[in-house]
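For reference, the chains in residue letters:
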Amino acid sequence: MVIFSVYLVNKAGGLIYQYDNYVPRAEAEKTFSFPLDLVLKHHDEKVVVSFGQRDGIRVGHAVLSINGVDVIGKNTAEGKDILEYLKDASNYPVSIRFGRARLSSNEKLMLASMFHSLFAIGSQLSPDAGSSGIEMLETDVFKLHCFQTLTGIKFIVLADPRQSGIDALLRKIYEIYSDFALKNPFYSLEMPIRCELFDQNLKSALEIAEKAGNFGAGS
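Analysis parameters
Residues numbered from 1 in each chain as written. Predicted model: local features only at pLDDT ≥ 70, side-chain atom pairs only at ≥ 80, totals over all residues. Heavy atoms only, no water. UniProt positions renumbered as here; feature names shortened; annotations may be inferred. Helix = DSSP H or I, 4+ residues; strand = E, 2+ residues; numbered from the N terminus. Expected span 1.5 Å × (residues − 1). Buried < 20%, exposed > 50% of the residue type's maximum accessible area, 1.4 Å probe, protein only. Arc of directions from axis to C-beta. Contact = heavy atoms within 4.5 Å. Pairing = 2+ DSSP bridges. Axes fitted to C-alpha atoms, helices over the stretch in contact; angles between N-to-C directions.

Where an unreviewed UniProt entry is consulted, the protein appears under the name Trafficking protein particle complex subunit, with the organism given as Pleuronectes platessa. The Sequence similarities (unreviewed entry) comment attached to the protein in UniProt states, word for word, "Belongs to the TRAPP small subunits family. TRAPPC4 subfamily." Heading Function (unreviewed entry) of the UniProt record for the protein holds this comment: "Core component of the TRAPP complexes which has a function of guanine nucleotide exchange factor activity for Rab1 GTPase. Plays a role in vesicular transport from endoplasmic reticulum to Golgi and autophagy. May play a role in dendrite postsynaptic membrane trafficking."

Put into structure tokens, the structure is as follows:
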């Protein structure tokens, strides 16, 4: 079983901690001749496929590297615009690696804020007062689990739908937060967490959860 990532969101909706435990990389690399038989476009500082699917390359996939060299946003490693580079027949044949680009820091901040708002909407839509808000969202490839403390801190875990013991893991992460963030004299409430002991204990908890599925007594 797999735990994909962990997010901590403060009561104002700000992302104060994020850790990617496992990021599946669905990638495809192919050598193309001129003209390129895929339609590419700029999107959020990346170059993505907007039309044409083949050999594992999908609409929405981003250009990750050209001729074995990683690209930088929408530019090649040499600083040239990727779209302009691929319009030049003299640059062919060219090997291009496509895949889903990782979320940027700004995108993660935005998504944390959006979930905070969605959580509040879920609480307000409840027919009964005192709703706990969203505790789980399910898709075909992952489940999002959320635990909110009395002080409004949200602990969010994205995991394989078959992964068990997530409720216990969320409370374990809360315990780690209390021990290694709140008790840290250099930590300010509601601010990003930068603590090596917190990182180490979180990673250890995730490893235990993935192997055992839950936490036994004394863990």
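Here the narrative resumes, following the displayed structure.
J.: Could you give an account of helix α3 (residues 166–182), with specific residues and numbers?
T.: The end-to-end C-alpha distance of α3 is 22 Å, a good match for the 24 Å that 17 residues give at a rise of 1.5 Å each. Every buried residue of α3 is accounted for by I166, L169, L170, K172, I173, I176, Y177 and A181. Seen from one end, α3 has its buried residues packed into an arc of 160 degrees, which puts them on one side. Buried-residue contacts for α3 involve β1 (3–9), β10 (143–148), β11 (154–159) and α4 (196–212).

J.: Account for the sheet that holds β11, naming residues and giving values.
T.: Pairing between the strands of a sheet comes from backbone hydrogen bonds, and it takes one of two forms, parallel or antiparallel. Pairing is antiparallel across the open sheet formed by five strands, whose spatial order is β2-β1-β11-β10-β9. Edge positions in the open sheet fall to β2 (15–20) and β9 (136–138), since each of these has one partner strand only. Here the average twist between neighbouring strands, direction ignored, is 10 degrees. Summarising the sheet, β9 and β10 pair through three bridges and their orientation is antiparallel. Opposite E138, over in β10, you have K143 as the bridge partner. Against the sheet, α3 touches β1, β10 and β11, its axis set at about 135 degrees to β11. Across the face of the sheet, α4 comes into contact with β1 and β2 while running at roughly 50 degrees to β2.

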